[in-house]
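# Coordinate inspection notes
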Amino acid sequence: MNESLKLIRQLAEDVKQQESAFLSPSYQESEVRQDFIDKFFTSLGWDVTHEQEKNPYEQEVKIENKATDAEVSRLEMQCASLDRQIDAGVYELYGLTEEEIAIVEDSTRRVEGREKS
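Residues numbered from 1 in each chain as written. Predicted model: local features only at pLDDT ≥ 70, side-chain atom pairs only at ≥ 80, totals over all residues. Heavy atoms only, no water.

Moving on to the overall build of the protein chain. What the protein chain contains, in helices and strands, is five helices and zero strands. Listed N to C, the secondary structure of the protein chain is α-α-α-α-α in terms of helices and strands. Dimensions of the protein chain, computed from the C-alpha atoms along their principal axes, are close to 75 × 40 × 25 Å. When each of the 117 residues of the protein chain is scored for burial, the buried share is 11%. Long-range pairs, those at least 24 residues apart, make up 34% of the contacts in the protein chain with a sequence separation of at least 6. Of the accessible surface of the protein chain, which amounts to about 10200 Å², a share of 53% is contributed by carbon and sulfur atoms. Side chains of the protein chain carry 14 positive and 27 negative charges; the gap between the two charge centres is 4 Å. (Helix = DSSP H or I, 4+ residues; strand = E, 2+ residues; numbered from the N terminus. Buried < 20%, exposed > 50% of the residue type's maximum accessible area, 1.4 Å probe, protein only. Contact = heavy atoms within 4.5 Å. Areas by Shrake-Rupley, 256 points an atom, 1.4 Å probe, with all protein chains shown as cover. Lys, Arg positive; Asp, Glu negative; His and termini not counted. Charge placed at Lys NZ, Arg CZ, Asp CG, Glu CD.)

So, in structure tokens, the structure goes:
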């Protein structure tokens, strides 16, 4: 435990000495993880690099990968498509006319702040 405390104190000192660089917008989240977070948890005895636990369902630490812009765009389009399918199903279920659907969609746009210009 003494070794852990020593490493944590050193990490804190490193942050103090390079604070402006670490607060810079160019310093990425992945760098924070590599430079500090992984070292911190390793010092506490966590198996950050999965040296002991190879089963991905049993590992203590999971790396969260950032979605690419293309993935985000694809998922947004998929959600929008599903929203339209659900809306169409509800309109059909309740037997709404085109005029009633227009009223519902217009009020939804206003509520969501997407009013037509």
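Further notes follow.
There is a patch of like negative charges on the surface, built from Asp83, Asp87, Glu98 and Glu105. Those elements giving two or more residues to the negative patch turn out to be helix H4 (69-93) and helix H5 (98-111). One can find Glu98 in helix H5. (Patch = residues over 30% accessible without salt bridge, like charges linked within 9 Å, V, L, I, M, F, W, Y side chains within 5 Å. Salt bridge = Lys/Arg side-chain N within 4 Å of Asp/Glu carboxyl O.)

Here we come to H5. The end-to-end C-alpha distance of H5, which contains 14 residues, comes to 20 Å, matching closely the 20 Å that a straight helix rising 1.5 Å per residue would cover. Looking at the residues trailing H5, positive phi occurs at Gly113, about 75 degrees. (Expected span 1.5 Å × (residues − 1).)

A cluster of nonpolar side chains, Leu82, Ile86, Val90, Leu93 and Tyr94, forms an exposed patch at the surface whose accessible area comes to about 560 Å². Take Leu82: it is sitting in helix H4.

Below, the discussion takes up the pattern of salt bridges. This structure, assessed with the given rule, holds three salt bridges. Between Asp38 and Arg33 there is a salt bridge; the shortest N-O distance is 3.3 Å.

Its location among the elements puts Ile37 in helix H3 (residues 29-43). Each C-alpha atom, one on Ile37 and one on Tyr27, is 14 Å from the other, the two residues being ten residues apart in sequence.

This next bit is on the packing of aromatic side chains. Under the definition given, this model contains four aromatic pairs. Taken together, a centroid distance of 5.0 Å and an interplanar angle of 55 degrees make the contact between Phe22 and Tyr27 tilted. (Phe/Tyr/Trp six-rings, centres within 6.5 Å; stacked < 30°, edge-to-face > 60°.)

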